[in-house]
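Now for the letters of each chain:
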Amino acid sequence: MVDKNKWQQLRTKISIPSKHWIDGNYVDSVSGATIDKLSATDGKHLVAFARGDGLDVDKAVAAADRSFNAGVWTNLDPTVRKEKLLKVAELMDKYRDELALLETLDVGKTITESWNGDLTSAINTFKYYAELIDKVYGEIAPTSKKFFYYITKEPIGVVGIIVPWNYPLLMTSWKLAAALAAGNSVVIKPSERSPLTALKLAEIIKEAGVPDGVVNVILGYGHEAGEALALHHKVRAIGFTGSTAVGAKMIAYSSQSNLKRVYNELGGKSPVIVFNDFEDLQQVAQTMTGIMFYNQGQSCHAPSRLLVHDSIADKLLEHMVACAKNYIPDDPLLEQTTLGAVIDEKHLQRILGYIDIGKNNGANCIYGGNRVHNATGGYYVEPTIFDNVTQQMQIAQEEIFGPVLSVIRFKTEAEAIAIANDTEYGLAAGLWSNNINRVHRVIPQLKAGMVNVNDYSSGNLTVPFGGFKQSGNGRDKSIHALDKYLELKTVCIKLY
Ligand code: NAD
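Conventions used here
Residues numbered from 1 in each chain as written. Predicted model: local features only at pLDDT ≥ 70, side-chain atom pairs only at ≥ 80, totals over all residues. Heavy atoms only, no water. Helix = DSSP H or I, 4+ residues; strand = E, 2+ residues; numbered from the N terminus. Rg over C-alpha atoms; globule rule 2.2 N^0.38 Å. Buried < 20%, exposed > 50% of the residue type's maximum accessible area, 1.4 Å probe, protein only. Areas by Shrake-Rupley, 256 points an atom, 1.4 Å probe, with all protein chains shown as cover. Lys, Arg positive; Asp, Glu negative; His and termini not counted. Charge placed at Lys NZ, Arg CZ, Asp CG, Glu CD. Pairing = 2+ DSSP bridges. Axes fitted to C-alpha atoms, helices over the stretch in contact; angles between N-to-C directions. Phe/Tyr/Trp six-rings, centres within 6.5 Å; stacked < 30°, edge-to-face > 60°. Near = heavy atom within 4 Å. Polar contact = N/O pair within 3.5 Å; in protein donor to acceptor, adjacent residues only side chain to side chain. 1 Å grid on protein atoms, 1.4 Å probe; cavity = no way out; pocket = protein on both sides within 12 Å on 5 of 7 lines; lining within 4 Å. Sits in = over half its atoms within 2 Å of the grid points. Domains from an automatic or database assignment. Expected span 1.5 Å × (residues − 1). Core = buried A, V, L, I, M, F, W, Y, C linked by side-chain atoms within 4.5 Å. Contact = heavy atoms within 4.5 Å.

A separate point is the overall build of the protein. Along the protein, the regular secondary structure elements total 16 helices and 23 strands. Against the compact-globule benchmark of 23 Å for 496 residues, the protein has a radius of gyration of 23 Å, which places it among compact chains. Each principal axis of the C-alpha distribution contributes one length, and for the protein these read about 75 × 65 × 40 Å. Among the 496 residues that make up the protein, the fraction classed as buried is 57%. Taken as a whole, the protein presents about 19,300 Å² of accessible surface, with 52% of it coming from carbon and sulfur. In the protein, 51 side chains carry a positive charge and 54 a negative one; their mean positions are 5 Å apart.

Here we come to the sheet that holds strand S20 (residues 428-432). Across the sheet, which stays open at both edges, the seven strands sit in the order S14-S17-S18-S13-S12-S20-S21 with mixed pairing between neighbours. Of all strands in the sheet, those bounded by a partner on one side alone are strand S14 (364-367) and strand S21 (450-453). Between one strand axis and the next, the sheet turns through 25° on average, direction left out of account. The sheet contact formed by strand S12 (residues 271-274) and S20 spans three bridges and is parallel.

We now examine the sheet that holds strand S23 (residues 486-494). Strand order in this open sheet of three strands is S5-S6-S23, and the pairing throughout is antiparallel. What marks the edges here is a single partner per strand, and that holds for strand S5 (139-140) and S23. Bridge count between S5 and strand S6 (residues 147-155): two bridges; the pairing is antiparallel. By the bridge assignment for S6, Glu 139 is matched with Ile 151.

What follows covers the packing of aromatic side chains. A ring pair, where both rings are aromatic, is described by two values, the distance of the centres and the angle of the planes. According to the stated counting rule, one finds ten aromatic pairs in the structure shown. Between Trp 21 and Tyr 26 the ring centres are 4.8 Å apart and the planes differ by 75°, which places this aromatic pair in the edge-to-face class. Judged by relative accessible area, which is 6%, Trp 21 ranks as buried. The partly exposed category is assigned to Tyr 26, whose relative accessible area is 29%.

Moving on, we get to the site of the ligand. Around the ligand, a shell composed of 30 residues is seen, among which Lys 189, Glu 192, Ser 243, Leu 266 and Glu 399 lie nearest. One of the backbone N or O atoms of Gly 222 is found 3.2 Å from a nitrogen atom in the ligand. Residue Gly 242 places a main-chain N or O atom 3.3 Å away from an oxygen atom belonging to the ligand. Coverage of the ligand by the protein chains reaches 91% of its 860 Å² of free accessible surface. Judged by the proximity of its atoms to the pocket grid, the ligand belongs to the largest pocket. Elements with a contribution of two residues or more to the shell around the ligand: helix H8 (222-231), strand S10 (235-241) and helix H9 (244-256). No other element matches H9, which puts four residues into the shell around the ligand. Summarising the domain contributions, the shell around the ligand has at least three residues from each of domain 1 (4-266 + 472-490) and domain 2 (271-460).

This next bit is on unusual backbone geometry. Positive phi is not limited to glycine here, since His 373 has a value of about 55°. Considering the arrangement of structural elements, one finds His 373 in the loop between strand S15 (371-372) and strand S16 (380-381). Judged by its relative accessible area of 35%, His 373 falls in the partly exposed class. You will see that Lys 477, though not glycine, has its phi angle at about 70°, which is positive. Inspection of the secondary structure puts Lys 477 in the loop between strand S22 (468-469) and helix H16 (480-484). Lys 477 gets classed as buried once you look at its relative accessible area, which sits at 4%.

This paragraph deals with helix H6 (residues 168-181). Taking 1.5 Å of rise per residue, the 14 residues of H6 would be expected to cover 20 Å, and the 20 Å separating its terminal C-alpha atoms lies within 8% of that figure. The element H6 is largely enclosed, with a buried count of 14 among its 14 residues. Where H6 ends, the next residue or the one after it, Gly 183, has phi of about 95°, a positive value.

Turning our eyes to something else, we now look at the nonpolar core. Of all hydrophobic cores here, the largest spans 102 residues; its most connected members are Met 92, Leu 176 and Leu 306. Per element, the largest residue contribution to this core is ten residues, and it comes from H6. Per-domain counts for this core show at least three residues from each of domain 1 (4-266 + 472-490) and domain 2 (271-460). Apart from residues lying up to four places away in sequence, Leu 176 is in contact with Phe 126, Ile 161, Val 186, Ile 188, Leu 201, Ile 205 and Val 215. Counting 32 residues, the second largest nonpolar core, distinct from the first, contains Ile 351, Val 381, Ile 408 and Leu 446.

A few words on the environment of Trp 115. Relative to the elements of secondary structure, Trp 115 occurs in helix H5 (residues 111-132). Overall, Trp 115 belongs to the buried group, its relative accessible area being 14%. Between the C-alpha atoms of Trp 115 and Glu 103, which are twelve residues apart in sequence, the distance is 9.0 Å. Polar side-chain contacts of Trp 115 include one of 2.7 Å to the side chain of Asp 97.

See the structure below:
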């Protein structure tokens, strides 16, 4: 990692990408329209980037479709595709500083998180799916000897990838690496709030030798470029990560167009239950503040509801407040910064709005709750903890997507489980307990796609990431994610 004091210098050297990436080249919008992007770190103008619409999407999908039908990627020897995706990972590492800086300027996360967390995970994602390419086998069915039945897996065709702004490079990589490993061609639509790293990644993919047209990036608003992509008749699958409201639209777009497969990874309001048989409350506090305030609380699986047994709540909250003090909002380009900026003014106001709602509804704000560093022009908010939240309150039901933790007290195990499940989301959940019987009793009762016991993480690449209920139907990561981008073909041969 370069000396963090040099980030500002690096900023003056790199060029900020701003155009669509179609068929291996940067191109302007057909309309010539642009969108102004302000940096989350200081609110200053960062770049004016292309504002795509249906005409630009048509061009990108045509390029992807052409490349798919020509077989320039999908028909390559699997070992060759593997080498090229491994090369992508190698080049991402080579351009790690530039990618990390673009991510931080774009979305405001600390440079340390971008460089260590997001970049490392994104690079590992390409390595993982590259290595899978020559390890996916078909099946032979156990049918009568008069027939030879076998099942193969084939790429779907053109895949649309629509992603949010909280982990722009990582969310893109989870879907893109899997879709490419499966042999598809792709059109990516990054969030209009965070367009930069998808473009640099597309350049890298070209440099790694992936043929033109296989990966395309369309910039623009969701209701323009995103909608056109999700409605496109030549797009056969959509890998979507974003809000539940927009995920619902994806399903509607599919039914209005060509019944394309829709894989939704959506929002969350994840509960973590702390039982009073877990003694090390300092460990609980350290872990839970660490994950809750990571990325300024803008994580889909953030444990934003902490359910604490009444008998230990006061003690645990003392530890929580002490730990929260370690997360100090500051310039994300400084080495020591532990909490960066949130994405933009609109989102900042949304978070502050929820903090007001919490206070007005009678929850007790025991730490934080304020905007800070207004003079910088950036969007900074303190880590915030509410005690005495009830499950009926809006701050316990709705996804705030900021550094705001709601603490709900409970008295019995049954009550805790009922509260944990009392939301339409079902992304992640957690529990802290030293009672092995309780642990195994509670896990199957939690309606969530991921359950953490005595820790809280998003797991590693080898396990699926995704949710139950309105947190979505798809899974990113692991070998299972490949299946989203493959069709099963059953072949029957009569033998004489
Ligand atoms: P969002 O739903 O507003 O936008 C996501 C993407 O969809 C963006 O690229 C946006 O431009 C596009 N979009 C918006 N409206 C569209 C439309 N009408 N048609 C087509 N595309 C449209 O979400 P966001 O604010 O960018 O991201 C935050 C959300 O993402 C949170 O709810 C968070 O929980 C969720 N998220 C989920 C996961 C997961 O794996 N489950 C991971 C990260 C984020």
